[in-house]
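# Residue-level structural notes
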Amino acid sequence: MGFSFKTFTGALALSTVLSLGVAEAKEMVMYNGGDVTSLDPQKMSGDWEDRVAGDIYEGLFTEDIDAKPVLGVAASYETSDDGLTWTFKLRDDAKWSDGEPVTAEDFVYSFKRLMDPKTAAQYAYLQYPIKNAEKINKGEIEDLDQLGVTAIDDKTLEITLEHPVPYYPSLLTHYTAYPLPKHLIDKVGDQWVQISNIVTDGPYKPVEWVPGSHVLTAKNDQWYDTKSLDIDGVRFLSMEDVSAGFRRYQAGEIDFMTDYPKDQFKFIQANLPGQGHFAPFAGLYYYVFNSKKPPFDDAKVREALSMAVNREVIGPKVLGSGEPAAYGWVPPGMANYPEEGARFDWEKEPYKERVEKAKALLKDAGYGPDKPLNITLSYNTNDNHKRVAVAIAAMWKPLGVNVSLVNAEVKVHYANLREGAFEVARAGWLADFNDPVNFLDLLKSGIEMNYGQWSNEEYNSLLDQAAKESDLKKRAEMLEKAEKIALDDDAAMPIYFYLSENIVSPKLKGFKDNVFDKHRTRYMSLSE
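Residues numbered from 1 in each chain as written. Predicted model: local features only at pLDDT ≥ 70, side-chain atom pairs only at ≥ 80, totals over all residues. Heavy atoms only, no water.

The protein chain goes by Peptide ABC transporter substrate-binding protein in an unreviewed UniProt entry, where it is assigned to Jiella mangrovi. Here is the UniProt Subcellular location (unreviewed entry) comment for the protein chain, exactly as written: "Periplasm". Within the UniProt record for the protein chain, the comment given under Sequence similarities (unreviewed entry) is "Belongs to the bacterial solute-binding protein 5 family." (UniProt positions renumbered as here; feature names shortened; annotations may be inferred.)

## Some words on helix 7 (residues 242-250)
Listed in full, the buried residues belonging to helix 7 are Val242, Ser243, Ala244, Gly245, Phe246 and Tyr249. Elements that come into contact with the buried residues of helix 7 comprise strand 1 (27-31), strand 11 (256-257), helix 8 (265-271), helix 12 (383-396) and strand 18 (502-504). Its side-chain oxygen 3.3 Å from the backbone nitrogen of Ser243, Asp241 forms the N-cap of helix 7. Immediately beyond the C-terminal end of helix 7, within one or two residues, lies Gly252, with a positive phi of roughly 85 degrees. (Buried < 20%, exposed > 50% of the residue type's maximum accessible area, 1.4 Å probe, protein only. Helix = DSSP H or I, 4+ residues; strand = E, 2+ residues; numbered from the N terminus. Contact = heavy atoms within 4.5 Å. Polar contact = N/O pair within 3.5 Å; in protein donor to acceptor, adjacent residues only side chain to side chain.)

## Here's the deal with the UniProt feature "domain: Solute-binding protein family" (unreviewed entry) in the protein chain
Mapped onto this numbering, the UniProt entry gives "domain: Solute-binding protein family" (unreviewed entry) at residues 68-446. When the span residues 68-446 is considered, its composition is 27% helix and 21% strand, and the gap between its end C-alpha atoms is 30 Å.

## Quick word on the confidence of the model for the protein chain
Reading fine detail from the predicted coordinates is not recommended where pLDDT is low. Scored by pLDDT, the protein chain comes out at a mean of 93, with 95% of its residues at no less than 70. Here residues 1-13 is modelled with pLDDT under 50, and outside its nearest four sequence neighbours on either side it reaches 29 contacts, counting other chains as well. In this model residues 15-23 is a low-confidence stretch, pLDDT under 50, and it forms six contacts with partners more than four residues away in sequence or in other chains. (pLDDT = per-residue confidence, 0-100.)

## So, the nonpolar core
Formed by 114 residues in total, the largest nonpolar core has its most connected members in Leu60, Phe111, Ile159 and Tyr286. The biggest single contributor to this core is helix 3 (residues 104-115), with seven residues. The residues contacting Ile159, other than those within four sequence positions of it, are Leu60, Leu84, Thr85, Trp86, Phe88, Phe111, Ile130, Gly148, Val149 and Tyr168. Among the nonpolar cores identified, the runner-up in size contains 39 residues, and Phe281, Val355, Met395 and Leu399 belong to it. (Core = buried A, V, L, I, M, F, W, Y, C linked by side-chain atoms within 4.5 Å.)

Below you can see the structure in the form of structure tokens.
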């Protein structure tokens, strides 16, 4: 990947206007958490990258202010009676930021590149519903032209699916479904993402990228609705010190915090009325066991560690912000699924009884006072993650478990997870689309995000069957059965379901809580 510190003249112009204090120049400053790895949407993986991508790119569908799918680059679409063929008419005025038209071939090229094994796109599996996508991505089919995506003409795109997908419009809002500027990539290759080369098709364009510091955007004057944009650009700050970020917010240097120090929850409620947004949304905070490393390949050990965690105190007391305990894998309220889904059998058991059972399980697994279990618990650097890790280590102590805590910046942490370089580690997942399979896929064999590499043939088979099932009730039953299998085998350790963690300046208007915690800049405005 080629990082560049060069800037466009657009960045210089925006910075100059801001330095002169001209009223019409409105830059929103956002605490964005982790460092952006790439501006290539097929090289992204985190919500901090999605926040940038959703401003600078636009797919066939995009999100409205409620995070529901609405038409984006597509002006209209039709589906066949069997739900397998989707035909899209693209907007005549859809353009790249260099003025070149966005074409159907840009989408065909993008999907083929996404599925090409050489690209090694972590999230390619999200688009496996496309005909032959999985086989191509896994190298079983080498001919990319067999992918079920066709440009009928410059402004007509046809996508053929393996099976009907009830949530397909939502799936097409994801950054794995964004078009790519084929005309530019044909010219400069992988250097297209350098800031001096890149073109995008969203409301904004990147004009400055300093790895470890920030991404700066400015209005894309080639976007079809630029006149509707109030905010001129966004400075996405790469910061993992949430306490330092909150101090800068209080000083008026940051307009939008996407996280906050949980020990400040009561202070925010009392002293910053209306600025804290702590709404439920579709996300899961969990620990993953490396099931390829003893003793975490032993289900008894995994169950003991999970049972001994008192989830009821983590949100209200450890964090102080009230996150609901997670006794299942799929967050409540997901579409096409029972309200609560499957749950651990021991969910209602008194905590003291669970601890005693956990001790017995570890004893059966060969651990006890004479042979303590030593664990390395990894988390990405963040005060809130540290609080949870310290609390859970204390909960495991009565079992005779010694815990060593290891933290790393977010990019390093998740790289370690993907490489299997951990024992027990913190992870989190925010829904990409409104369907339970988005969470259940995290435990499926062969999925890169299955960090612990837990594997169960019946689980895999149920997900495969559900993918082909058109009866939504039967499909939900299959998925719930799969969730129960994962819980019974303690494939991973759900801890709590997320509440949004946004702190929003009174100057920032148009911010609206939603179940996916997506807040695109196009819907917001800044006042003095």
